[in-house]
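Survey of secondary and tertiary structure
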Amino acid sequence: MEHDAVGPDSAWHSMPVADVLQQLESDQWGLKGEEAKHRLRVHGHNRLPTARGRNPLVRFFSHFNNVLIYVLLVAAVGSAAMGHWADAAVILGVVVINALIGFIQEGKAEKALHALRQMLSQKATVMRDGRRQEVAAEDLVPGDLVFIQAGDKVPADLRLLQSRNLRIEEAALTGESVPVEKGMSPVAPDTVLAERSSIAYSSTLVTYGQGSGVVVATGAQTEIGRISALLEEVTTLETPLLRQLTRFGQLLTLWIVGLGTLTFIFGWLARDYTLNEMFLAAVGLVVAAIPEGLPAIITITLAIGVQRMAARHAIIRRLPAVETLGSVSVICSDKTGTLTRNEMTVKSVALAKRFYEVSGVGYDPHGTFNVAEREVDPDTDAVLRELVRAALLCNDASVVEREGAWTLQGDPTEGALVTLALKAGLDPALTREEYPRTDVIPFESEHRFMATLHHDHAGHSFAVVKGAPERLFEMCRLERVNGEDRPLNIAAWIEQVEQIAARGQRTLALALRVHPPSPHELRFTDVQGDLTLLGVVGLIDPPREEAVRAVALCQSAGIQVKMITGDHAGTAHAIGEQMGLTGGDTDTLTGAALQTMSSEQLEEAVEKTCIFARTSPEDKLRLVQALQARGRVAAMTGDGVNDAPALKRADVGVAMGINGTEVAKEAAEMVLTDDNFASIANAVEEGRTVYDNIKKAVLFILPTNGAQALTIIAAIAAGVVLPITPLQILWVNMVTAVTLALALAFEPAEQDVMQRPPREPSEPLLNAFMVWRIIFVSVLMVMGVFGLFLWEREAGMAIEGARTVAVNALVTFEIAYLINSRHITASVLNRDGFFGNPYALLAILLVVTLQLLFTYLPPMQQLFGTAAVGNESWARIVSLAIIIFVLIEAEKAIVRRWSLRRAKR
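For the structure given in this document, a descriptive report is provided here. (Residues numbered from 1 in each chain as written. Predicted model: local features only at pLDDT ≥ 70, side-chain atom pairs only at ≥ 80, totals over all residues. Heavy atoms only, no water.)

This paragraph deals with the environment of N489. By secondary structure assignment, the location of N489 is in the loop between β20 (484-487) and α18 (490-502). Along the sequence, N489 and E479 sit 10 residues apart, while their C-alpha atoms lie 7.7 Å from each other. (Helix = DSSP H or I, 4+ residues; strand = E, 2+ residues; numbered from the N terminus.)

Here it is, written out as structure tokens:
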């Protein structure tokens, strides 16, 4: 039989059980073994399709896919064809080294689909051939009757047939912060995923009770399978830096090839150079102009940023994400477990005549009871003492301290009540020993309450009931006021509940019955109409205090923060207010509202709205895409399976490392090891610093290439031999320049780094000022290098010696310019400017050593065609370097004054 309708899009949640079984041709005895095998052939195994990863060789050779690399490869082939094997080998070696660095530093291959497959349970208990049996979860088929109980991972999407106190943890799939009560009754066809109480979804966790259901979807057809398909469809965006480098590389290549061609033609026709000589000159020009070391510099700078971020609890999985953080203009954050603690907490207690606010968050029992912002001793209120004792006794959870952290064992709501009792000074073990439990009516969704029977050691018995306020109001006749009972004022209590709910808190009522009919047995009739209401408590998953501060810091840095959650709108709005996120034309939008919007309307709404509630995975993905369509660089935080598609699509996906699912971690570029939203602000600061340091490295390394290229052009224009050979150029580009530029990767953050607005993604890597600086410094360097070369040649020095002077002059000018480059416009004429970066001093020492070897070591002289030079030549080199340093500082002072005047206008 072909079940075309089987899958997540079928409205199984809205169909009566009988219709579901009829459509699936199943019944209470399950499937026959032969029928199950047939359906397995039709529908396939209950597992997700495997995505093929990229071949390692393909990944390696992808690093050659760059126009600048193509030009170098052509130069290497041409050099080899003309018999210049050393030049060809060195050029090819440079290209391979760059590819290796990129390949090694590249993050792990995508594992999101593998992680999703691992979430499926391994075994399942089913009814087949009229008897219960255990089968591999991957062999389940639509129509199978499956049994689940507390501790099980749901093996497939099930339409529930039976449910006894069944609660399922769906936070990873829906964002719901507490386990969801499940039942068999159909719900409306348009019910959102988080409220489909008649369905148990694959990979979610049964936390309480037991039940059974018929399989309605397996493998790729399940809700989690649908998310898998979304992940496959989602494309990872290229980062702003990579886009800038691509444009920069294309533009630079056009200039270099054009300049090389013109120089070749001019030298051949106007200066009577031979074709062989001009080809070597053109190769030298290309090698001089191309910043071969720049890819390695950028990669290593990003890697250093990764190490810095790791020390601040942010693990980067994909290298370019480091820089992207610096241009983030909006952060879309999940609520549960990200902005909040994912720990239910009692925040308010309403009694008949008094309203308490309770401080403290999570399961840590440190907190106070406050009335009108003044702390009150809970021992002074007898009704409050009764309520917290009742909350502790009608409870199956426990809260324990392990290695300095308080952890929950049991239901989150019950854990919050235990913590409330601890804050009031009760000892759970002693209280339960003082009032032992005699009987219990467990919680069931159709009854909406739990009741326990207790007695003291003097023979007195009493019953405690907790449940939904509207249900307990029906069951109560009296209310406790100052130790006395009086008739229940339902209208006043409904008003109290509404006020608590308006704060986004979930409400729970507690009641008492003294002297029930039987001291040993508790029946439903014993708690149906003669209870005394003690009070109502309000619970919420509270925001992290450090996250509130981090949101404010992000906003001061010009970064918008938006909450996107699967939780209820009221709860989301309340948390948003506490986080400082509310404002704009519309504070909160739900997933249902988003689904009615066109793409244009959604783009408009996402700009104005701060909080999005009851969202599905598709909603989260659409919101991220809408922000990107507006030109925003979006970071998305989350921890659940439902967050994975949006995490992958975002410019920077940020997953939680402690409570996050493996699916979320594998879809993200960054993982927070402390699950702390505040770490994102730290990561943004590091990202901005990394981009600053990359700009400094680019601004440092390009004038070197410009000076070399201009030196060759000047030599051809003057009709003299090249002052620097292609091999010597590669030495400068890949050894000395890279070594010095790497020191800039360790530069600390500028003082104003978190006061600037986010960088525009369209901002070019080189702006007009940077182009001016590159030209200015290049001209200064080429005048010094070419001038010294001609000086030494006029003085009778051999070509090898003059070229050695030219190379050493270029490197010495680089050393002076390195100190200039520590600040792009600020002065370095102070102690910090010279000594603030110890790595710069180490780099200078290393380069000086390398240049001495380059100049005086015989094997190096033989390889690079160098010769020893005297002290007088060194004196001229150092003097010119000092002059260049002073001129650049003077130029920076002029730029600062010009910028100040412009700012005052």
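Here the structure, examined in full by the defined rule, presents 34 salt bridges. With a closest N to O distance of 3.1 Å, R312 and E686 form a salt bridge. Highlighted residues: R312 in the loop between α11 (294-310) and β8 (314-316) and E686 in helix α26 (residues 678-718), separated in sequence by 374 residues. You can call E686 buried: its relative accessible area is 10%. We note a salt bridge from E889 to K892, for which the minimum N-O separation is 3.0 Å. You can see E889 and its partner K892 sitting in helix α33 (residues 871-904), three residues apart, about one turn around the helix. You can call K892 buried: its relative accessible area is 0%. One network of salt bridges, with partners in common, ties together E223, R226 and E618. (Salt bridge = Lys/Arg side-chain N within 4 Å of Asp/Glu carboxyl O. Buried < 20%, exposed > 50% of the residue type's maximum accessible area, 1.4 Å probe, protein only.)

A few words on the sheet that holds strand β23 (residues 560-564). For sheets, the rule is that strands pair by backbone hydrogen bonds, running either parallel or antiparallel. One open sheet accounts for eight strands, arranged β8-β28-β27-β26-β9-β23-β25-β24; its pairing is mixed. Each edge of the sheet is formed by a strand with only one pairing partner; in this case those strands are β8 and β24 (588-590). Each adjacent strand pair in this sheet contributes to an overall mean axis angle of 20°, direction not counted. Pairing of β8 with strand β28 (residues 670-672), which is carried by three bridges, proceeds in the antiparallel orientation. Looking at the pairing, A314 lines up with L672 of β28. Packed on one face of the sheet, helix α20 (residues 569-579) meets β23, β24 and β25 (611-613) and runs near 155° to β25. Running over the sheet, helix α23 (residues 617-629) touches β9 (330-333), β23, β25 and β26 (634-638) and is turned about 160° from β23. (Pairing = 2+ DSSP bridges. Axes fitted to C-alpha atoms, helices over the stretch in contact; angles between N-to-C directions. Contact = heavy atoms within 4.5 Å.)

A word on unusual backbone geometry. Not every positive phi belongs to a glycine, and E25 is a case in point at roughly 55°. Owing to a relative accessible area of 53%, E25 belongs among the exposed residues under this scheme.

What follows deals with a nonpolar patch on the surface. Together, L710, V771, I775, V779 and M783 give the surface a local cluster of nonpolar side chains, amounting to about 410 Å² of exposed area. Looking at the nonpolar patch, the element that brings in the most residues is helix α28 (residues 768-794), giving four residues. (Patch = residues over 30% accessible without salt bridge, like charges linked within 9 Å, V, L, I, M, F, W, Y side chains within 5 Å. Areas by Shrake-Rupley, 256 points an atom, 1.4 Å probe, with all protein chains shown as cover.)

In this structure, L581 and F677 are the most contacted members of the largest nonpolar core, which totals 122 residues. If one sorts the elements of this core by residue count, α26 sits on top with 19 residues. Grouped together as the second largest cluster of nonpolar side chains are 44 residues, V214, I227, M597 and A626 included. (Core = buried A, V, L, I, M, F, W, Y, C linked by side-chain atoms within 4.5 Å.)

On to helix α31 (residues 838-856). Helix length check: α31, at 19 residues, gives a terminal C-alpha distance of 27 Å against a target of 27 Å (1.5 Å per residue), a fit within 8%. Within the span of α31, buried status applies to A840, A843, I844, V847, Q851, F854 and T855. Projection of α31 onto a plane perpendicular to its axis shows the buried side chains occupying an angular sector of 100°, all on one side. Those residues of α31 that are exposed and angled more than 90 degrees off the buried face are L842 and L845. By the N-cap criterion, in which a side-chain oxygen at the helix start approaches the backbone nitrogen of a residue two or three places on, α31 is capped by N837, the distance to Y839 being 3.0 Å. (Expected span 1.5 Å × (residues − 1). Arc of directions from axis to C-beta. Polar contact = N/O pair within 3.5 Å; in protein donor to acceptor, adjacent residues only side chain to side chain.)

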